[in-house]
Each structure stands twice: as structure tokens, then as C-alpha cells.
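Structural overview for review
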Amino acid sequence: MATKPGILTEWPWARLGNFKYLVLAPFVGHSIYTYFMSKDESQRDLVYIIILPLLLSRVIHNQIWISLSRYRTAKGNNRILDRSIEFDQVDRESNWDDQIIFNGLIYYIGYLLLEQAHHLPLWRTDGIVMIALLHIGPVEFLYYWLHRALHHHFLYSRYHSHHHSSIVTEPITSVIHPFAEHISYFMLFAIPLLTVTLTETVSITAFGAYITYIDFMNNMGHCNFELIPKWIFSMFPPLKYLMYTPSYHSLHHTQFKTNYSLFMPMYDYIYDTLDMSSDTLYKKSLEREAEVPDVVHLTHLTTPESIYHLRLGLASLASKPQSSKWYFWLMWPATLWSIMITWIYGHTFIVERNLFKNLKLQTWAIPKYRIQYFMKWQREIINNLIEEAIMEADQKGIKVLSLGLLNQEEQLNNSGELYIRRNPQLKVNVVDGSSLAVAVVINSIPKGTSQVVLRGRLSKVAYSIALALCQGGIQVVTLDEEEYKRLKTKLTSEAATKLVLSKSYNVSKTWLVGDGLSEDEQLKVPKGTLFIPYSQFPPSKARKDCFYFSTPAMITPKHLENVDSCENWLPRRVMSAWRIAGILHALEGWNENECGNMMFDIDKVWKASLDHGFCPLTMASATESKN
């Protein structure tokens, strides 16, 4: 929001939320009915029916730029600014599709009002030439002076400051303006379109191409990486007056009083508002190499829809804990396409980057889904992908690689030990994070608890929790005889006295649960039971009268930068213990692997996490973070 919001700041349909798309429904319905159901051939107009596909293509076009930009800025090569993007910017830019809805309304209304817009030809050269000339002349000229006016303190504080709240720009930043600003911009861009329409020189190609050109240049100019190669300007030097670059416009967002031009810098040259560092920043950005992080966290896709929850996907979904949405079924073609891409690509890809003080962090993802980790024929393929990622990290000189989610599955690779045995020469430390996960679970148990139930598939973390609790004098109850026997073999004779086999579900209201906890078991526990997962994935919630804690995680300190997405189902600025463990290894300089049966001192790891600013996640803080 602008610092002093003026009139027509808010979009008319802002209060409709996700139902805002319904404002287009009458026009879409009428166009479809007219085209397919009308008996009068003169009523069947391709122009009317093609408006909806044009709007959808704009959404897809924008999303491609968003994903590309986030991938490239995470990778680091040709990045322009190193400043971070946080949740406030993501929230502020979440309505980027409002301008498409607005344009759609104008297109439909314009078609219905203007007879000249009916039954347009596919191509007309004179119309395309006229649009190009009108854009270079009136549109660029008028925009330049409108833009300068918007930087006057009166209009800037009421309108344009909303756009400039984003210092580090993303493609969608280009369309984040108050409603009144968009009206003025549309009036400018309507000059060429309205002119060719009224002179009957317009064509479907001219109309679509001009809209696509505007979107392309807007998105490209607001990327935080440079992508225009030098040879283009070398081949045709005058091009620098006709086409801006991302670094050129980035200076406008950092310096404010320079580089006002729309897409063509010539007016900045004419009126002496060119930033003199434009060429320097352009060359510097082009020469910048990909970033080598200190710590890499290796994760993977979970559900087919999880691709949307990645930072590379949909910003509004990535900024919230992962959950299923009703409209995902409408997106199944895109979901299927993404599955095919990840299947064909078959290589780890960069998801995001963060900065912890001076420590550079990256998250890499294995292009495999959760279900694939349980397929025996996929295990070797997945292990090879993980090993390739570890070897790549080793070659790049990365200090630590932490294994997240099922990448450390014991049946898959024995918590990462497989890769250490295969490659004893590795310099990168492979960390499964079990020690911190154990510490988080133990410190999540309410003070004064004397007895807990341990239920679910036993794992390295489960065995370590049972041992630590029994040694600390807390009774551990198991409900399965086979599990009881297996746990007992892992305990010392003294600690085993605190291990109890029971058939009752009412022995304790504190349950430590792993994978395999059934809904039937949840229904048998007493009211008010606290479920504390020790697994990578949270249990399904079958009770509304019980409390479900998060999977092992902690709240990150404020000096963790560039946090604008949620880690799977965790709330904002909350990070899994397995991921934090890798950061701690690098911060503390622990030059050893944590994998296989290896466990670090739990108290030592817990203290280190607190010393570096990570905070325990309580029920209250989890609820607050979700909001």
C-alpha cells in the first residue's frame, strides 16, 4: 500500500478474494454461448471467443517469467542485486493478476461497444506498422512524463510508492500498482490499439502481438538478473536507445530519480535523466558467475501439486504452508506437464537461496515424488541422483550438504551412510540432522511429563529419542510387542527399566508419533492428547479435540535473509530440524559427517541452535506464524 493511499487505490473486486474472477464470468459465458450456440453465422466471431485464451496466455506468460527469474536469481549467475525478498513483498505482489482481469473487462466491453472490433482479419501489415510508430512516439513519450509526475511527492506518496516498495524486483513487480495507476497506464497503451481499431487497420495478430510485447518487456525489465547479451548492442548500437535491460530498470528502483523511460531509454537520453552507472552495472551483471553456497539442503518433491508450492512455482502458494486446494483439479494439465518435465529432466535443480549472516545457503530438489521413494525399482535411480548431488557439492567446494525428507531414508541409503562408503574421499560433510531432530522432539515435551507413548515406524530418530528419555527418567510406553523388543535391544540395561509394554491407549496424553500412525489409533486416545511427530512427514489429523504439534522444526532468527516461501507444511520462517542441522555444522565448524548410526551430542546440538538464534516452536508460535 502507498504511504498515503489516494482515491481509487484499491481494486474494485478486492473484497471478493479468489472469487474475483467471477467478474469476467458473464462476458465469458456470453462469448461462448454466442459462438457455439448462435444460429446466426454473423454472430459467431472468433475475436469475441479468443479474448479468454488471450487472458489465459498472459497468465502463463507471466508465470514462466516468474519461475525463470526465481531460478536464475537463486542460481546467482548474472544476478543484479543481492538484497533479499521477504514475505511482505510476496503478500504485496500477490494480486498481480488483477490487471489481467481489468484488461479483460475492457477488452470485452470494447468489443461490445465498437463495431470496428468485430470480425477482424488475422493479419494487416499497415496496422502493425501503425502500432509500432504510435508506441515509439506518443506512448513512450507520454509514459516518460507521466512517470516523472508520479515521482512528485504528492502522487508518489499516494500511488507510486506502492510499486517502489519493492527494491529487489521480480517480473510480477511490473504490474503492482494501485488501481488508479493502472487506469492511466491502460489509457496510454490504448492509444495504438484504439487508433488502429477506429481506422479499421487492426488485426488479431496486431492486437495479440502488442499485448504480448508489453508483457514481455515488463516482465523482462523487472527481472533481478541480466539476460540481454552484449553482442546484440554491438551488432546494432542504436538499439540501446530502443530497448532497456533489467539492470537499467533496476537502477530506477534503487536510485528513484533516474531511468524513467518505459521500454525505450531514448527519452532518458534526451531529457538527461539517464543514470550514468547504467552501462557499468549492465557489464558487471553479465560477468557475474553462479554462486557457490556454503551449505546445501537436499529435498525432493512430495505430491504432484507440490511443484506449485515451491518458490519456483506460485508465489502466493509458496508463501503459505503446503495444503491441497480445491482448484488443483482444474490445473491437472499443468500438473501433468510438470510431472513429465521433472521425469525427463532427471537432474537436481536449485529451488531457492538464503543468507545466514555471511553463510550462503541453497536448497536443491530431487525431481522425484514421495511415492517414488517407496518403489523398489526407483531406489537405485534416486540413490544415483542423491549421489550425483553430493558429488557436485563436493566438486564445487561446498562445506555441508544436509539430507531432507526421504533423501535420508534408512531403507534407501541408511541415513546417507551409503554415499560415504562409496566415496570415502568426500570433503563435503553429509548431515542427516537426526541429532537436532531428537533434541527438538525432546524439548517439545511439556515440562513435568513423566510418561510418553512412542508409536509409529521405528527409525534412527525414534531409537535415539527412546534412549534419551529413558536415561532422563521418563517412562516410554510402547503398544506393540515387536516394537518393544526392538527398542529394548537398543537400550542399556538401566535405561530399559523405563521402557514399558502396554495394551491401554489411556496411559499418557503425550504421544510421540512416526510414520504409520493410523486414524483408528488416534480415535482411541483420550481427549486432549498431544501428538508430537518425530517423522519427516506429519500424521493425518483425525481428531479435533486433540493437539497436533509440528514435525521437528524451529523458528529462524531475523538475520536469516531472503525468506519468502514456506518449507513444505511448516509455517512462515519456520525451518525443519534436518535443514537447520546443516547450517549448524557449517557455523560451528563441525568437520565430520552425521549419517548412518552416527549421532551428535543432543544437548550440544540443541545449545548450538539456541546460541545461533533459532527458537523452539511452541503451539502458540506455530499458530501465530501461520497467520
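- The name that an unreviewed UniProt entry assigns to the chain is Very-long-chain aldehyde decarbonylase CER1-like, with the source organism given as Nicotiana tabacum.

Examining the pairing of strand E2 (residues 349-356)
- Counting buried positions along E2 yields seven of eight residues, so the element is predominantly enclosed.
- In this structure, E2 lies alongside strand E3 (residues 359-366), joined through seven bridges in antiparallel fashion. Opposite Glu352, over in E3, you have Thr363 as the bridge partner.
- Inspection of the sheet shows E2 paired to strand E13 (residues 560-561) by two bridges, in the antiparallel sense. What sits directly across from Leu355, in E13, is Glu561.

Considerations on the pairing of strand E4 (residues 400-403)
- Taking every second residue as pointing to the same face, both faces of E4 are buried, with Val400 and Ser402 on one and Leu401 and Leu403 on the other.
- Bridge analysis of strand E1 (residues 295-300) against E4 gives four bridges, and the strand direction is parallel. The residue bridging Val296 from the neighbouring strand is Leu401, located in E4.
- Sheet topology places E4 next to strand E5 (residues 429-431); three bridges connect them, and they run parallel. Its bridge partner being in E5, Ser402 is matched across the sheet by Val431.

Section: the packing of aromatic side chains
- The full count for this structure, using the stated rule, is 32 aromatic pairs.
- Geometrically, the ring pair formed by Phe537 and Trp569 is tilted, given 5.2 Å between the ring centres and 40 degrees between the ring planes. Separated by 32 residues along the polypeptide, Phe537 in the loop between strand E10 (530-533) and strand E11 (547-548) and Trp569 in the loop between E13 and strand E14 (574-576) bring together distant segments of the chain. No difference in accessibility class separates Phe537 from Trp569, as the two residues are buried.
- Among the aromatic residues, ring-to-ring pairing joins Phe141, Tyr144, Trp145, Tyr260, Tyr267 and Tyr271 into one connected group.
- Positioned over the ring face of Phe537 is Arg370, at 3.8 Å from the centre of the ring.
- Taking NZ or CZ as reference, Lys490 lies 5.1 Å from the ring centre of Tyr463, over its face.

Thoughts on helix H6 (residues 125-150)
- With 26 residues, H6 ought to run about 38 Å at 1.5 Å a step, and its terminal C-alpha atoms sit 35 Å apart, in line with that.
- Where H6 bends most, at His135, the angle is about 40 degrees, and the proline Pro138 comes one to four residues later.
- Regarding H6, the residues found buried are Gly127, Ile131, Leu134, His135, Val139, Glu140, Tyr143, Tyr144, His147 and Leu150.
- Considering only its buried residues, H6 is in contact with helix H7 (153-158), helix H8 (179-198), helix H9 (204-221), helix H11 (246-255) and helix H12 (266-270).

Re the sheet that holds E3
- Taken in spatial order, the six strands line up as E5-E4-E1-E3-E2-E13 in an open sheet, and their pairing is mixed. The sheet is open, and its two borders are formed by E5 and E13, each paired with just one other strand.
- Of the strand pairs in this sheet, E1 and E3 are connected by six bridges, and their pairing is parallel. Bridge assignment links Leu298 to a residue of E3, and that residue is Trp364.
- Those strands touched by helix H17 (residues 376-396) are E1, E3, E4 and E5, and its axis lies near 155 degrees from that of E3.
- Taken strand by strand, helix H24 (residues 577-588) contacts E1, E2, E3, E4 and E5, and its axis lies near 160 degrees from that of E4.

Rules and cut-offs
Residues numbered from 1 in each chain as written. Predicted model: local features only at pLDDT ≥ 70, side-chain atom pairs only at ≥ 80, totals over all residues. Heavy atoms only, no water. Buried < 20%, exposed > 50% of the residue type's maximum accessible area, 1.4 Å probe, protein only. Helix = DSSP H or I, 4+ residues; strand = E, 2+ residues; numbered from the N terminus. Pairing = 2+ DSSP bridges. Phe/Tyr/Trp six-rings, centres within 6.5 Å; stacked < 30°, edge-to-face > 60°. Lys NZ or Arg CZ within 6 Å of the ring centre and 35° of its normal. Expected span 1.5 Å × (residues − 1). Bend = angle between axes of the 7 residues up to and from the residue. Contact = heavy atoms within 4.5 Å. Axes fitted to C-alpha atoms, helices over the stretch in contact; angles between N-to-C directions.

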